[in-house]
Amino acid sequence: MSEPVSALRGRATSGSVQVSDMGLQGMISLRCDLSFGKLKALSKDLVGAPVPALREAQVRNDRAALWMSPDELLFLMPHTEVDDALSRIAKAMKDQHHLALDVSDARALLRVEGPFAREVIAKLAPVDLHPDVFGPGQVLRTRLGQIAAAFWMTDAQTFQVICFRSVAHYAFDLLEASAKAGPVGHFPRGT
Amino acid sequence: MRLRTNGRLVRKNRPVHFSFNGKAMQGYAGDTLASALLANDQILVGRSFKYHRPRGIVAAGTEEPNALVELGRGDRQEPNVRVTQVDLYEGLVARSQNHWPSLEFDVGVINAKLSRFLPAGFYYKTFIQPRAFWKHVYEPIIRRSAGLGAAPETADDNTYEHFNVTVDVLVIGGGIAGLAAALAAGRAGARVLLLEQTSGWGGRAVVDRPMIEGQSAQDWVNVTLGELHAMPNVDMRVRCQGAGVYDHGYALAHERLTDHAPKQGGPRQRLWRIRAGQIVTATGAIERPLSFAYNDVPGVLLAASLRDYVVNYGVAVGQRTVIVTNNDDAYRTALALHAAGLDVPAVIDARPAAQGALPEQVRALGIRVLANSAIGAVEGGKRVTGVSICAQDGTGGQTEQIACDCVAMSGGWSPVVHLWSHCGGKLVWDEAQAMFRPDADRPPTGADGAGFVTAAGTANGHLFTAEAIADGFGAGRKAASTAGHVKKPGQAPMGDDAAEDPMAPVWIMPAQAPYDMRAKMWLDYQNDVKVSDVQLAAQEGFRSVEHTKRYTTLGMATDQGKLSNVNGLAVLSDALGEAIPQVGTTTFRPPYTPLPLAAIAGVARDELFQPVRRTPVQDWHEDHDADFEPVGQWRRPYAYPRGDESSHDAVTREVKNTREAVGLLDASTLGKIIVKGPDAGRFLDMIYTNMMSTLPVGSCRYGLMCSENGFLMDDGVVARMDDDTWLCHTTTGGADRIHAHMEDWLQTEWYDWQVYTANVTEQYAQFAVVGPKARDLLQDIGGMDLTQEALPFMRWTTGTLGGFDVRIFRISFSGELSFEIAVRAGQGAAFWDLLVKHGEPLGLMPYGTEALHVLRAEKGFIMIGDETDGTVIPQDLNLDWAISKKKDDFLGKRGQMRTHMQDPDRWKLVGLETLDGSVLPDGAYAVDTGENVNGQRNTQGRVTSTYYSPTLGKGIAMGLVRRGPERMGEVIAFTKTGGGTVDARICDPVFYDKEGKKQNV
């Protein structure tokens, strides 16, 4: 048996805005009717947070529940807890049509942190990132350059970004280049 | 020449050194390249496109048609740069273009002597016949004599970036109207982005100095900038041009960050991708030239541009300037020149009388004003030496000659309506001002049918300060409130400037000019289009302005007729005897000025040009010097050559080794889609042509997917995981597409079916262990019973192999004993290493996609993309066995029932073996007797897959042949690359192990 590795194997940059691999992250994709009654308790049980509403990110330390689509959530948790979480989901969702899958290895998780992190992302994603519109507590599924990605903020200058594993290096290089190019000066710094 | 006075933008204590055509020159900080060239008395700056006539600077802004240079060296070399848009910097290197051998002496000027042979439409008329001459004689000569700058030869090492931003109100243009619009929108609380294409704010007002709010225009601009800077909801950018307006409020802007400061770090340019609720185009107006004979001689320029040079940069073109005009505004140039101590021998006014406040002011200074007058001709070659004067309403009889070294002309103003028009804003013809202006009732509309662009200020046809600034403020307030910000922004600023008498439209000077004069009146400087050319086009029946543009080249090339369009279509309408609005304008298309490709590409170059997808063992493939081939966005190993081995030899070795010992394939790229739910079986029965609902848990089945039209679109093995869960394998390129296809049907047609899908392709690394020793290898690793009894062919199981959690499928795409093993992607590399380590004693070799293809072709297995091309149905490939007869319906069933799909003459899959053992060319056609209606040889089939088979020692192929399976043993001829044919016998497509014994052991 060998320990699993993340696609980026700990890559990190230095600089005013830093890009780094967040390593192995347990991720479970759950597709179901989001109004299903027992989901509230399940979300509480898995990540200690309520079911996220439209475009909401319920982040609790190293756990989170992220809204992905009208019938899909993404739960984040320590990598080692995924199997246990899957069996708890199966139990809670028994007799309820759903699809729960371990997608931890299918993705990469990166952190973008620094005073103009918001602008680093805005160079690449065609979405409104104005601080009045997007901030901690929200999640967006969009594009980063030429790939699909999702991101949320954990504080005023930190983004967490997920993308598919096969394009993790592309995402990292893209973010690194955008950070290295410096701030645009459009959004207030540190927001 | 540089004046002692004036020059509000230049810092005369900061000299800046640059060179033009190798000549060292000096300007000041704050100069543009244009003003610095004029300061150095460099009046001749280029040659015209067709006749190679000497040309000088005509304008001071983006409308400049002549002064295009090649800028910079090495990685900063850039052709076709307008000198008016270049901020001067230390060490700037510029070269003029389109001349040979030199700017001063150009042999291409011979074209001018031949000008009667180069009339409008000369490309179409002269050079079409004989055809061969066009290609070998005319075109090379024309290309050498006519052309703009050269493409750079070295890579551009600068960086570029994009920036996405969403705002309530985008204001394009930083003159007083734009500033007022931003002020109103900003005060109302809207998120505002204000863009100015030059390096400074204030537009014409800070040159012409009207009063605003009781203060000078410059003071008002400064106060306003202060207020805007203090608003956190307003962002302002200079050197940032609004380039294009598109549907749904999308706009592009081009910001030049370090063009003026090449030593500064950071990106050189930034492309702003803006989503705006409302757009205000305060883009100003462009002065029109007048059409008089030899109006292209260097030293003739626009009156307001000359004023810009004098006031902003303290630069003049000559000592004695004759001004020629049809309006009062040009008199401001006379005043500015006089104030700078320069001579104005006369103002030539085409109007019957000139009695407004400005002309009177000019007269009071002792300057002659000649009404009902015109320039008959400009004298001089590379520089103006004088003008001959005639009556405007006559035929050009000379009344007087005036010596001068500069001519400043004004034919009135055209609002810059480009951005208003990009997305469909309509125009009206303003008779009094002789201009097209935006029609406020017909703006570009968004998804809700409401307008999303407002033109403001001079761009909206308001040429006077009071109206322009009030219009700007009103546009800003309206845009903000439409975007939902209704806070009151206060009163509009009050503007005040001198009253002006009406202008008079003058399209030809003098009005009755004979042909030889009209043939020397340039409408389009950049493309050498003259009044006579447009008139000739009209005579020849070109009635549409769009056709005339293409025929004469009026308004083509880099400036897209910024100076020439209105003058040209006025001449055209006159020649056609129609009113100007009936003739209309050509289409305004983005971008406003050419955008560098580098800015459009942004960061997407070199390794970021496009995403390259990597499997969990990509590093291993790279470390082992695999040859790669693109498959979708993946790079899959094509083969693993060893030492000096050729790719072909490597493939041969890999095939043989897989047939005789054991091979290892990275199949991680193949698509894996989970389909789950109470209706999943029913759903898959619709998606696949064969029956998937009856597949037992633990089993695998090969399946085909068709489009609605019945054409085969993807294939792969489906495994049943549990009662309501299936795992569908797709081709490498099909994973995303097929997942989207499934979701499409689920979300739009069968939304009430209880099915969820998920694309888990990248969750797993998947490897094929293939060959007679495959089982030995896995048993050596140990942990699972993989005997034929425990895991028969077309079954799957899970377990722990060598400590790894695995899922193993007994499926084969090679005809050999084969196990496809999936592990979680994070353990893929480690598991691959384990297989390689344990495999080595058994002779394991990894194999690439080419060996995979040879192995499957030897077995007659089809490949999506080879045997299919979007026109092939499964029946063409003899796959009737995989099409369920029991099902009422599946996607493609109805399509396959159409007459043409049932035609017995369809080309069907067969094997092909050449009589001489050679390998058929890929894609070769089987020739038939006779010719088709186009005189081409008839065909009866084509090659779809062709390889050298190491197993059989000869070429093998598959192809589609008319009624192929009925013609076994027949010999037909195939075309060869480079001519001739090769004979091949139609045979069974399964060349190897027809009974399928080897895979089922």
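Since the structure is predicted, the reported quantities are computational estimates derived from the model, not experimental observations.

Reading the values: the criteria
- Residues numbered from 1 in each chain as written.
- Chains lettered and ligands numbered in written order.
- Predicted model: local features only at pLDDT ≥ 70, side-chain atom pairs only at ≥ 80, totals over all residues.
- Heavy atoms only, no water.
- Helix = DSSP H or I, 4+ residues; strand = E, 2+ residues; numbered from the N terminus.
- Rg over C-alpha atoms; globule rule 2.2 N^0.38 Å.
- Buried < 20%, exposed > 50% of the residue type's maximum accessible area, 1.4 Å probe, protein only.
- Contact = heavy atoms within 4.5 Å.
- Areas by Shrake-Rupley, 256 points an atom, 1.4 Å probe, with all protein chains shown as cover.
- Lys, Arg positive; Asp, Glu negative; His and termini not counted.
- Charge placed at Lys NZ, Arg CZ, Asp CG, Glu CD.
- Buried area = accessible area lost by both parts, 1.4 Å probe.
- Salt bridge = Lys/Arg side-chain N within 4 Å of Asp/Glu carboxyl O.
- Nonpolar A, V, L, I, M, F, W, Y, C, P; charged D, E, K, R; others polar.
- Domains from an automatic or database assignment.
- Polar contact = N/O pair within 3.5 Å; in protein donor to acceptor, adjacent residues only side chain to side chain.
- Core = buried A, V, L, I, M, F, W, Y, C linked by side-chain atoms within 4.5 Å.
- Pairing = 2+ DSSP bridges.
- Arc of directions from axis to C-beta.

1. A few points about the overall build of chain A
When you go through chain A residue by residue, the secondary structure sums to 4 helices and 10 strands. What you see for chain A is a C-alpha radius of gyration of 17 Å, in line with the 16 Å of a compact globule of 191 residues. Projected onto its principal axes, the C-alpha coordinates of chain A cover approximately 50 × 45 × 25 Å. The buried share of chain A, taken over its 191 residues, is 59%. Taking all contacts inside chain A whose residues are at least 6 apart in sequence as the whole, residues at least 24 apart take part in 63%. Carbon and sulfur atoms make up 50% of the accessible area of chain A, which totals about 7500 Å². Charge separation in chain A, taken as the distance between the mean sites of 21 positive and 21 negative side-chain charges, equals 2 Å.

2. A look at the interface of chain A and chain B
Contacts between chain A and chain B engage 47 residues on the former and 48 residues on the latter. With both chains or domains summed, chain A and chain B bury close to 3900 Å², and 56% of this area falls on carbon and sulfur atoms. At the surface where chain A touches chain B, the tally comes to 5 salt bridges. We note a salt bridge from D102(A) to R824(B), for which the minimum N-O separation is 3.1 Å. Secondary-structure elements contributing two or more residues to the side of chain A that touches chain B are β6 (99-102), α3 (117-122) and α4 (168-180) of chain A. Looking at the side of chain A that touches chain B, the element that brings in the most residues is α4(A), giving 5 residues. When grouped by side-chain class, the residues that make up the side of chain A that touches chain B number 24 nonpolar, 11 polar and 12 charged.

3. Here we look at the domain arrangement of chain A
Put simply, an interface is often sized by how much accessible area is lost when its parts join up. Residue and element names in this part refer to chain A. The domain boundaries assigned to chain A delineate domain 1 (18-23 + 106-180) and domain 2 (26-105). The centre of domain 1, based on its C-alpha atoms, is set 22 Å off from the matching centre of domain 2. At the interface, 13 residues of domain 1 touch 15 residues of domain 2. In total, about 1200 Å² of surface goes out of reach between domain 1 and domain 2, with carbon and sulfur atoms giving 63% of it. Taken as a group, R107, V139 and R141 account for 46% of the area that domain 1 buries against domain 2, more than any other trio of residues on that side. Linking R141 and E72 is a salt bridge whose minimum nitrogen-to-oxygen distance equals 3.6 Å. Joining domain 1 to domain 2, the criterion identifies 7 residue pairs in polar contact (both at pLDDT 80 or more). Within the side of domain 1 that touches domain 2, the residues separate by chemical class into 7 nonpolar, 3 polar and 3 charged.

4. Looking at the nonpolar core
In this structure, I121(A), F151(A), L170(B) and I274(B) are the most contacted members of the largest nonpolar core, which totals 85 residues. Examining the composition of this core, we find that 7 residues originate from one element, α4(A), more than from any other. Core analysis: the second largest hydrophobic core is formed by 56 residues, L37(B), V81(B), L103(B) and L301(B) among them.

5. Description of helix α15 (residues 545-552) of chain B
Taken as a whole, α15(B) has its buried residues at V545(B), T548(B), K549(B), Y551(B) and T552(B). The backbone nitrogen of E546(B) lies 3.1 Å from a side-chain oxygen of the residue at the head of α15(B), namely S544(B).

6. A word on the domain arrangement of chain B
All names here are of chain B. According to the domain assignment, chain B contains domain 1 (1-153), domain 2 (161-285 + 414-489), domain 3 (289-411 + 500-505), domain 4 (618-669 + 763-856), domain 5 (671-762) and domain 6 (894-1001). Centre-to-centre, using C-alpha coordinates, domain 2 lies 32 Å away from domain 3. Counting residues at the interface gives 8 residues for domain 2 and 9 residues for domain 3. For the pairing of domain 2 and domain 3, the buried interface totals around 690 Å² over both sides, and the portion due to carbon and sulfur atoms is 55%. Contact with domain 3 buries surface across domain 2, with R204, V207 and D208 losing the most and accounting together for 52% of the total. Applying the counting rule to domain 2 against domain 3 returns 2 salt bridges. A salt bridge links D208 to R307, with the shortest nitrogen-to-oxygen separation between them at 2.9 Å. Applying the counting rule to domain 2 against domain 3 returns 3 residue pairs in polar contact (both at pLDDT 80 or more). Grouping the amino acids of the side of domain 2 that touches domain 3 by side-chain chemistry returns 4 nonpolar, 1 polar and 3 charged.

7. Digging into the sheet that holds strand β10 (residues 211-212) of chain B
The strands making up a sheet associate through backbone hydrogen bonding, with each pair oriented either parallel or antiparallel. All names here are of chain B. In spatial order, the strands read β11-β10-β29; together these 3 strands make up an open sheet with antiparallel pairing. Only two strands of the sheet have a single partner each, and these edge strands are β11 (215-216) and β29 (495-496). For β10 and β29, the ladder comprises 2 bridges, and the chain directions are antiparallel. Bridging across to β29, I212 finds its partner in G495.

8. Structural notes on helix α1 (residues 39-47) of chain A
All names here are of chain A. Residues of α1 that are buried: L39, L42, S43, L46 and V47. Along α1, the residues classed as buried sweep out an arc of 100 degrees about the axis, all on the same side. Those residues of α1 that are exposed and aimed more than 90 degrees away from the buried face are K40, A41 and K44. Buried residues belonging to α1 abut β2 (26-31), β3 (57-60), β4 (63-69), β5 (72-77) and α2 (82-92).

9. Looking at the environment of V347(B)
All names here are of chain B. Structurally, the position occupied by V347 is in strand β19 (residues 346-349). Separated by 395 residues in the primary sequence, V347 and M742 place their C-alpha atoms 76 Å from one another. Setting aside its immediate chain neighbours within four residues, V347 contacts I323, T325, Y331, A334, V362, I367, R368, V369 and L370.

10. Quick notes on the pairing of strand β47 (residues 937-949) of chain B
Residues and elements named next belong to chain B. Pairing of strand β46 (residues 925-931) with β47, which is carried by 4 bridges, proceeds in the antiparallel orientation. Along β47, the bridge assignment pairs Y925 with R942. Hairpin geometry of β46 and β47 is characterised by an intervening segment of 5 residues between the two adjacent antiparallel strands and by a positive phi of about 75 degrees at G935. Of the pairings in the sheet, the one linking β47 to strand β48 (residues 954-962) comprises 8 bridges and is antiparallel in character. If you follow S945 over to β48, its bridge partner there is M958. Adjacent in sequence and paired antiparallel, β47 and β48 are bridged by 4 residues, among which G953 carries a positive phi angle near 70 degrees.

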